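The chain contents come next:
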Amino acid sequence: MKASATLINVARGGIVDDAALADALANGRLAAAGLDVYENEPNLPPALLACRNIVLTPHIASASTATRRAMVALAVDNLVAALGAGPLAGRPPNPINADALLARGA
C-alpha cells in the first residue's frame, strides 16, 4: 500500500500482521488504520496500542438481538437439513464444505 493509504480490516484477524502494521504506522509507511478484528484477539501488541493514527474497536457488529436470533435460526436450519429432516433435508442452506455434499450426491 502507498504511504498515504488507510488500511481497514473488519473481516478476520490474521489477515493483517499486527506487528508489521504497527511498524508501518509508526514509521510513516502507512497513513492510518481502522480495525475491529485482531491477529491474536483479545491480545494486542503494545506497539499497536501506542499508535496515534489507528482506530481500534471491538468486533461487535453482530451483537444485536435481531442478528443473534437470525444466526441461531440459520444454525438450526443447517443442522436440521444436515440431519436429513425438514424442507431442506440433505441440503443445508449454508454448508461449510459444499463439495462434500456434492460428492455424496446431495
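About the cut-offs
Residues numbered from 1 in each chain as written. Predicted model: local features only at pLDDT ≥ 70, side-chain atom pairs only at ≥ 80, totals over all residues. Heavy atoms only, no water. Buried < 20%, exposed > 50% of the residue type's maximum accessible area, 1.4 Å probe, protein only. Helix = DSSP H or I, 4+ residues; strand = E, 2+ residues; numbered from the N terminus. Pairing = 2+ DSSP bridges. Right-handed = clockwise from strand over helix to strand, strands pointing away. Expected span 1.5 Å × (residues − 1). Core = buried A, V, L, I, M, F, W, Y, C linked by side-chain atoms within 4.5 Å. Contact = heavy atoms within 4.5 Å. Arc of directions from axis to C-beta. Polar contact = N/O pair within 3.5 Å; in protein donor to acceptor, adjacent residues only side chain to side chain. pLDDT = per-residue confidence, 0-100. Lys, Arg positive; Asp, Glu negative; His and termini not counted. Salt bridge = Lys/Arg side-chain N within 4 Å of Asp/Glu carboxyl O.

### Concerning the pairing of strand 1 (residues 6–9)
On a regular strand, one side chain projects to one face of the sheet and the next to the other, so that they alternate.
No. 1: By the alternation rule, side chains of strand 1 split into L7 and N9, which are all buried, and T6 and I8, of which none is buried.
No. 2: Summarising the sheet, strand 1 and strand 2 (residues 32–35) pair through 4 bridges and their orientation is parallel. Bridging across to strand 2, N9 finds its partner in L35.
No. 3: Running through helix 1 (residues 18–26), the crossover from strand 1 to the neighbouring parallel element strand 2 is right-handed.

### Focus: helix 3 (residues 65–82)
Each α-helix turn comprises 3.6 residues. Residues three or four places apart therefore point the same way.
No. 1: For helix 3, which comprises 18 residues, the first-to-last C-alpha distance of 26 Å matches the rise-based estimate of 26 Å (1.5 Å per residue) to within 8%.
No. 2: Downstream of helix 3 by one or two residues, G84 has phi in the positive range, about 85 degrees.

### Looking at the pairing of strand 2
No. 1: Neither face of strand 2 is open: one carries A32 and G34, the other A33 and L35, and all of them are buried.
No. 2: As paired elements, strand 2 and strand 3 (residues 54–56) share 3 bridges and run parallel to each other. Counted as the bridge partner of L35 is L56 from strand 3.

### Notes on the nonpolar core
One recurring pattern in soluble globular proteins is that nonpolar side chains are buried together.
No. 1: Formed by 14 residues in total, the largest nonpolar core has its most connected members in L7, L21, L25, L30, L35, L48 and I54.
No. 2: Of all the elements, helix 1 adds the most residues to this core, at 4 residues.
No. 3: Discounting residues that sit within four places of it in the chain, L35 has contacts with L7, N9, L21, L48, I54, V55, L56 and T57.

### A word on the environment of V76
No. 1: Inspection of the secondary structure puts V76 in helix 3.
No. 2: When the C-alpha atoms of V76 and P92 are compared, they prove to be 9.8 Å apart, with 16 residues separating the residues in sequence.

### Concerning helix 1
No. 1: Among the residues making up helix 1, those that are buried are D18, L21, A22, A24 and L25. In an axial view of helix 1, the angular spread of the buried residues amounts to 165 degrees, which keeps them on one side of the axis. Helix 1 presents A19 and A26 as exposed residues on the side facing more than 90 degrees away from its buried surface.
No. 2: Buried-residue contacts for helix 1 involve strand 1, strand 2, helix 2 (46–49) and strand 3.
No. 3: The backbone nitrogen of A19 lies 3.1 Å from a side-chain oxygen of the residue at the head of helix 1, namely D17.
No. 4: A positive backbone phi angle near 75 degrees is found at G28, which sits one or two residues after helix 1.

### Section: the confidence of the model for the protein chain
No. 1: Averaged over all residues, the pLDDT of the protein chain equals 88, while 94% of them reach at least 70.
No. 2: Taken element by element, the predicted model of the protein chain shows its lowest mean pLDDT in helix 4 (residues 98–103) (69) and its highest in strand 2 (96).

### Re the side chain of D36
No. 1: With respect to the element layout, D36 can be found in the loop between strand 2 and helix 2.
No. 2: Buried charge without a partner: D36 forms no salt bridge, and the closest opposite charge is R12, 8.3 Å away.
No. 3: If we skip the residues at most four places from it in the chain, D36 touches N9, V10, E41, T57, P58 and H59.

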